[in-house]
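Each chain is listed here by its residues.
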Amino acid sequence: MSRRQELADGLERVRARIDAACAGAGRSAEEVTLVVVTKFFPASDVRLLAELGVRHVGENRHQEAEAKAAELGDLDLAWHYIGGLQSNKAAAVARYADAVHSLDRAKLVTGLSRGARERGRDLDVLVQVSLDPPGAEGRAGVEPADVPELVERVQQADGLRLRGVMAVAPLGADPDPAFARLAEVAADVRRLEPAADWVSAGMSGDLEHAVRHGATHLRVGSAVLGPRPSNQ
Ligand SMILES: *Cc1c(COP(=O)(O)O)cnc(C)c1O
């Protein structure tokens, strides 16, 4: 089978899952944006995905993302940066990314703001929320209690537009209570910034749960592209 056909099949399966999840949740599939996570896969795959109608792609490593965005500058793609960010790379990410989902500390705000201003275009940012139990050997994300302070920092920064929240469900735990908690945090954020109505949640393994809890942006990699060369 050609790579193009593999990707077409993967996309069709994922879109069918999203449609079914939305129908089950009484939501319109138009409320949900599929961000195809292309990390570790070559730019040629991203080009095929664009030909197959994908508009939103996600990357989690700065150098790889920067190179792909440059190589594929002729395509009309929105680049979503979803990975851990070093503060000394934040400005560089803001120069090619259309949205950064992984803002998890105030220290990143200055760099992102500077990069966005240099580019001359507002950058969409999401606050990454930790859904791990307190004290867990955790993944990235701010504790829900610390979200309002970070929201305020973004609101005060030039060139940044707060769009909502992002999270990854805790590894090996039931995603439903975690995504329910994220929905509460998202509602709190909307009280502070009514336009911040994105909820980025749900991956290959748990997108149905995320749709049930109001996700607007699904970040799906392996279910579209197949297994990654390394498990990241
Ligand atoms: C890799 C990654 C995804 C996609 O994961 P899959 O399980 O392959 O769908 C989603 N979100 C983040 C933050 C990621 O790093």
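A. Broad picture of the pairing of strand β5 (residues 123–128). For β5, a buried count of 6 out of 6 residues is recorded, marking the element as mostly surrounded by other parts of the structure. The side-chain alternation of β5 yields two buried faces, one formed by Leu123, Val125 and Val127 and the other by Asp124, Leu126 and Gln128. Where strand β4 (residues 99–103) lies against β5, 3 bridges are found, and the strand directions are parallel. Within β5, the residue paired with Ala99 across the bridge is Asp124. Handedness of the crossover joining β4 and β5 through helix α5 (residues 107–119) is recorded here as right-handed.

B. Expanded view of the packing of helix α6 (residues 147–156) against helix α7 (residues 175–192). Closest axis-to-axis distance for the α6/α7 pair is 11 Å, and the angle between their directions is 40°. By the criterion of interaxial angle, the relationship of α6 to α7 is oblique. Classified by chirality, the crossing of α7 by α6 is right-handed. In this structure, α6 contributes Val147, Pro148, Val151 and Gln155 to the contact, and α7 contributes Val185, Val189 and Leu192.

C. Spotlight on the site of the ligand. Taken together, 12 residues form the shell around the ligand, and within it Lys39, Ser204, Gly221, Ser222 and Arg228 come nearest. Lys39 places a side-chain nitrogen or oxygen 2.7 Å from an oxygen atom of the ligand. At 2.8 Å from an oxygen atom of the ligand is found a main-chain nitrogen or oxygen belonging to Gly221. When grouped by side-chain class, the residues that make up the shell around the ligand number 5 nonpolar, 4 polar and 3 charged.

D. Structural view of the packing of helix α1 (residues 3–25) against helix α2 (residues 43–51). Running from N to C, α1 and α2 point in directions that differ by 60°, and their axes come no closer than 10 Å. By the angle between their axes, α1 is oblique relative to α2. Crossing handedness for the pair α1 and α2: right-handed. Listed contacts from α2 to Arg3, Arg4, Leu7 and Leu11 of α1 are Asp45, Leu48, Leu49 and Glu51. Considered class by class, the residues forming the contact of α1 with α2 number 4 nonpolar, no polar and 4 charged.

E. Representation of a negative patch on the surface. Side chains of Glu143, Asp146, Glu149 and Glu152 sit close together on the surface and give a patch of like negative charge. If you trace the backbone, Glu149 turns up in helix α6. The class for Glu149 is exposed, based on a relative accessible area of 54%.

F. Just the nonpolar core, in detail. The biggest cluster of nonpolar side chains holds 69 residues, and the ones touching the most others in it are Val100, Leu103, Leu112, Leu123, Val125, Leu160 and Leu218. Within the second largest apolar cluster, 6 residues are counted, among which are Val37, Ala99, Met166 and Trp198.

Cut-offs and rules
Residues numbered from 1 in each chain as written. Predicted model: local features only at pLDDT ≥ 70, side-chain atom pairs only at ≥ 80, totals over all residues. Heavy atoms only, no water. Buried < 20%, exposed > 50% of the residue type's maximum accessible area, 1.4 Å probe, protein only. Helix = DSSP H or I, 4+ residues; strand = E, 2+ residues; numbered from the N terminus. Pairing = 2+ DSSP bridges. Right-handed = clockwise from strand over helix to strand, strands pointing away. Axes fitted to C-alpha atoms, helices over the stretch in contact; angles between N-to-C directions. Parallel < 35°, antiparallel > 145°, perpendicular 65-115°, else oblique. Left-handed = near helix turned anticlockwise from the far one by under 90°. Contact = heavy atoms within 4.5 Å. Near = heavy atom within 4 Å. Polar contact = N/O pair within 3.5 Å; in protein donor to acceptor, adjacent residues only side chain to side chain. Nonpolar A, V, L, I, M, F, W, Y, C, P; charged D, E, K, R; others polar. Patch = residues over 30% accessible without salt bridge, like charges linked within 9 Å, V, L, I, M, F, W, Y side chains within 5 Å. Areas by Shrake-Rupley, 256 points an atom, 1.4 Å probe, with all protein chains shown as cover. Salt bridge = Lys/Arg side-chain N within 4 Å of Asp/Glu carboxyl O. Lys, Arg positive; Asp, Glu negative; His and termini not counted. Charge placed at Lys NZ, Arg CZ, Asp CG, Glu CD. Core = buried A, V, L, I, M, F, W, Y, C linked by side-chain atoms within 4.5 Å.

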